[in-house]
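Overview (structure and organization)
Each chain, written out:
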Amino acid sequence: MLGIFKEKLVNAPKELNSPASQNSNTKKAKPSHEILKDFMSCNSENAFFMTFGNDALLAYSPSNTPSIYQRLFSGLDNIYCAFMGNLHNLSQLNKQYGLSKGSNEAMFIIEAYRTLRDRGPYPADQVLKEFEGSFGFVIYDHTHETVFAASGSDGQIGLYWGIAADGSVVISENLELVKSSCAKSFAPFPNGCLFHSEHGLLNFEHPTKKMKAMPRIDSEGVMCGANFNVDSQSRNQMMPRVGSEANWSTWGQT
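Residues numbered from 1 in each chain as written. Predicted model: local features only at pLDDT ≥ 70, side-chain atom pairs only at ≥ 80, totals over all residues. Heavy atoms only, no water.

1. What to know about the packing of aromatic side chains
Each aromatic ring pair is summarised here by two numbers: the centre-to-centre distance and the angle between the ring planes. Tallied over the full model, the rule gives 16 aromatic pairs. Relative to Phe131, the ring of Phe108 lies with its centre 5.5 Å away and its plane at 65°, an arrangement referred to as edge-to-face. Placement of Phe108 in helix H3 (residues 105-117) and of Phe131 in the loop between helix H4 (124-129) and strand S6 (133-141) is noted, with a sequence separation of 23 residues between them. For the pair Phe108 and Phe131, a shared accessibility class is recorded, and that class is buried. (Phe/Tyr/Trp six-rings, centres within 6.5 Å; stacked < 30°, edge-to-face > 60°. Helix = DSSP H or I, 4+ residues; strand = E, 2+ residues; numbered from the N terminus. Buried < 20%, exposed > 50% of the residue type's maximum accessible area, 1.4 Å probe, protein only.)

Below you can see the structure in the form of structure tokens.
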């Protein structure tokens, strides 16, 4: 899967953008259209993509090789989700959210997101902690122009993110694609974390703690992107768990 989102949509951590990417001796990051071309060329003939004006793009391809993990893509009410992995308690979660037994993980993720967005009773970190299994996903809410991504805490589904030549944020499970697209401005998406385009990065297992950027040095001794870890000495302002403010439209605002 691949998501590319322009700067106007995504307030990515500034530490993700490495100064080394501007070095004349360093291989340059690519613009969005070249990244999409690379994705389509290295995936199966069943790969497809969706563009949302000039601001957002989602691309998806079924797996070329057998895997214990699913690749799924779903869209509902202008919300689109690319999902990888398996949720072992999907039947229980579908019942909890009032979905049919036939709803797959991507369909469930969309419904959970929509419930949270529209004044759900629980904050995002609480919902994600209920997921049993391995997962990584990217959501684009076209109506609200919102990006939401998350990676499970077990690290079985690796996501990567970086900064393209035009400043867009690139998210994919394909390390080589992100690495070749974003020059030195890329990093692993942190496990056990969620990212909301308006409110930033949060560890859903330790939601009261802030995330701290740690420099990444590659095999050439050059700084590239950053790893993000929980800062045990910090404390986040949390979204209220009940009441009229328990929704993503006000999460993180002071």
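2. Comments concerning the nonpolar core
The nonpolar side chains of soluble globular proteins are, as a tendency, buried together. Ranked by size, the top nonpolar core spans 32 residues in total, and within it Phe5, Val10, Leu58, Tyr140, Trp161, Phe189 and Leu201 carry the most contacts. Every element with two or more residues in this core is listed here: strand S3 (56-60), strand S5 (79-87), S6, strand S7 (146-151), strand S8 (160-163), strand S9 (169-172), strand S11 (193-196) and strand S14 (223-231). Ignoring sequence-local partners within four residues, the contact set of Leu201 consists of Trp161, Phe189, Pro190, Cys193, Leu194, Phe195, Met211 and Phe228. Listed in part, the 27 residues of the second largest apolar core include Ile79, Leu87, Phe108 and Phe204. (Core = buried A, V, L, I, M, F, W, Y, C linked by side-chain atoms within 4.5 Å. Contact = heavy atoms within 4.5 Å.)

3. Remarks on the environment of Pro190
Following the sequence through the fold, Pro190 ends up in the loop between strand S10 (186-188) and S11. Each C-alpha atom, one on Pro190 and one on Leu159, is 7.9 Å from the other, the two residues being 31 residues apart in sequence. If near-sequence neighbours (up to four positions away) are discounted, Pro190 is found in contact with Ser151, Trp161, Leu201 and Phe228.

4. Section: the side chain of Ser18
Along the chain, the position of Ser18 falls in the loop between strand S1 (2-5) and helix H1 (32-41). By relative accessible area, Ser18 is classed as buried at 3%. Residue contacts for Ser18: discarding those within four places in its chain leaves Lys184, Ser185, Met223, Cys224 and Gly225.

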